[in-house]
Amino acid sequence: MLPASIQITGELLSAAEVQDICESLKEDSVRLLSVRGCQLSDRDFGRVCRSVAESHSLAQLNLNLGVVSSISRTRHLADALKTNRSLQTLFLHGSPLLDAGLVTLNSALSTHPALVCLDLGDCMLGDEALGLICGMLPPDGAKSGLRELTLSANPGISSKGWARLAIAVAHSSQLRVLNLDYNPLGDHIAGMLAVAVASSRTLEVLDLEGTGLSNQSAQVFLDMVENYPTSLRVLVLAENDISPELQQQICDLLSEGEDEDDREAPPLQPGPASSSALLPIRDKYQPIRDKYQPIRDKYQPPAWLPHSNSSPQMVLLTSGLGESLLAETEM
């Protein structure tokens, strides 16, 4: 029997429901577990974590929106990750981890043999946590590291911290997707990131939505994509004070680069569905969140989807007035 998905959103989980989840994890019948925004007791959270530790099938775990709500729960999760060997994607978006929580998780995250996608958006992180995260982006020739990293809405990180991340991104041998939306970066940090993107041989997606950028940043990115070879395919600049003309120029140049890559790239070889990672779907940070409505989709067969490489490429750009331009190019 193919592993299934368990997806529950915004509900109060009973002990019986938690027991069902734990048994499914132990039976290796779950590929995706999502309990985003759910309420459960500390005891039941510990039970779920112990079952995650025992699972050999779990590839994606979504604990977004406050499920990991205390340092004791963070310790339970760290213990589970130290034993688990199958998890590829971990979502902790909207969890009040603070730097102390990342310190607790660091060893388990950085040594996990399969983890490639990590969402730490809106986790109240600071420079200490970011320094640890940089260690999960090893340089060329080192151990494998993260391919997708989300750090949205962590305003406690200073310019010094972001500069350190830019250096790590420039030398990372694995990172393909970096989401920094809704951080107060400004033009200075954006310039550092442009240098990092130009240096990186792997980064394909950079999300800078709502990061306080101006035409100055756009001009730097325009110069980069116009004059230097880069792996970048998607640049998100929505909700910034950037002129539509500059946005469109960047959009056109990235689209041209995708067309050239399509002509030069060899045909993709089909592989078994079991080897493909589930497509990560992250909670996009919203400055003003709507309340999430409970949605229950229990025990559905999973949709086996490849990573972002096979999805349509797009560049989302907008003017400071909120007018958006969406350019989409099929691979």
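Just above sits the structure.
Quick look at the structure, then. The shown structure was predicted, so the numbers you read here are calculated from the model rather than taken from an experiment.

Some words on the nonpolar core
Next up, step 1: Counting residues in each nonpolar core, the largest one holds 81 residues, and the members touching the most others are Leu-33, Leu-120, Leu-151 and Leu-208.
Next up, step 2: Aside from chain neighbours lying at most four places away, what touches Leu-120 is Leu-92, Leu-97, Leu-102, Leu-125, Ile-133, Thr-150, Leu-151 and Asn-154.

Side note on the pattern of salt bridges
Next up, step 1: Summed over all chains, the structure comprises three salt bridges.
Next up, step 2: In this structure, the salt-bridge partner of Arg-43 is Asp-44, at a minimum N-O distance of 3.9 Å.
Next up, step 3: The partner of Asp-44 in a salt bridge is Arg-47, and the shortest N-O contact between them spans 2.9 Å. Taken as a pair, Asp-44 and Arg-47 lie in helix 2 (residues 42–54) at a separation of three residues, close to a single helical turn.
Next up, step 4: For Asp-44, a relative accessible area of 6% corresponds to the buried category.
Next up, step 5: What emerges from the salt-bridge pattern is a single network uniting Arg-43, Asp-44 and Arg-47.

Brief notes about the pairing of strand 1 (residues 4–9)
Two faces, one strand: in a regular strand the side chains alternate between the faces of the sheet.
Next up, step 1: The buried fraction of strand 1 amounts to five of the six residues, a majority that puts the element mostly inside the structure.
Next up, step 2: Two elements, strand 1 and strand 2 (residues 30–34), share four bridges in a ladder whose sense is parallel. Bridge pairing in strand 2 places Ala-4 opposite Val-30.
Next up, step 3: At this point the chain moves from strand 1, through helix 1 (residues 15–26), to the parallel strand 2, and the crossover so formed is right-handed.

Quick word on the packing of helix 1 against helix 2
Next up, step 1: Where helix 1 meets helix 2, the closest approach of the two axes is 8 Å, and the angle between their N-to-C directions is 10 degrees. Taken together, the axis directions place helix 1 and helix 2 in an arrangement best described as roughly parallel. Residues Ala-15, Val-18, Gln-19, Cys-22, Leu-25 and Lys-26 of helix 1 touch helix 2, and the partners they reach there are Asp-44, Arg-47, Val-48, Ser-51, Val-52 and Glu-54.
Next up, step 2: Taken together, the residues of the contact of helix 1 with helix 2 break down into six nonpolar, two polar and four charged.

What counts as what
Residues numbered from 1 in each chain as written. Predicted model: local features only at pLDDT ≥ 70, side-chain atom pairs only at ≥ 80, totals over all residues. Heavy atoms only, no water. Core = buried A, V, L, I, M, F, W, Y, C linked by side-chain atoms within 4.5 Å. Buried < 20%, exposed > 50% of the residue type's maximum accessible area, 1.4 Å probe, protein only. Contact = heavy atoms within 4.5 Å. Salt bridge = Lys/Arg side-chain N within 4 Å of Asp/Glu carboxyl O. Helix = DSSP H or I, 4+ residues; strand = E, 2+ residues; numbered from the N terminus. Pairing = 2+ DSSP bridges. Right-handed = clockwise from strand over helix to strand, strands pointing away. Axes fitted to C-alpha atoms, helices over the stretch in contact; angles between N-to-C directions. Parallel < 35°, antiparallel > 145°, perpendicular 65-115°, else oblique. Nonpolar A, V, L, I, M, F, W, Y, C, P; charged D, E, K, R; others polar.

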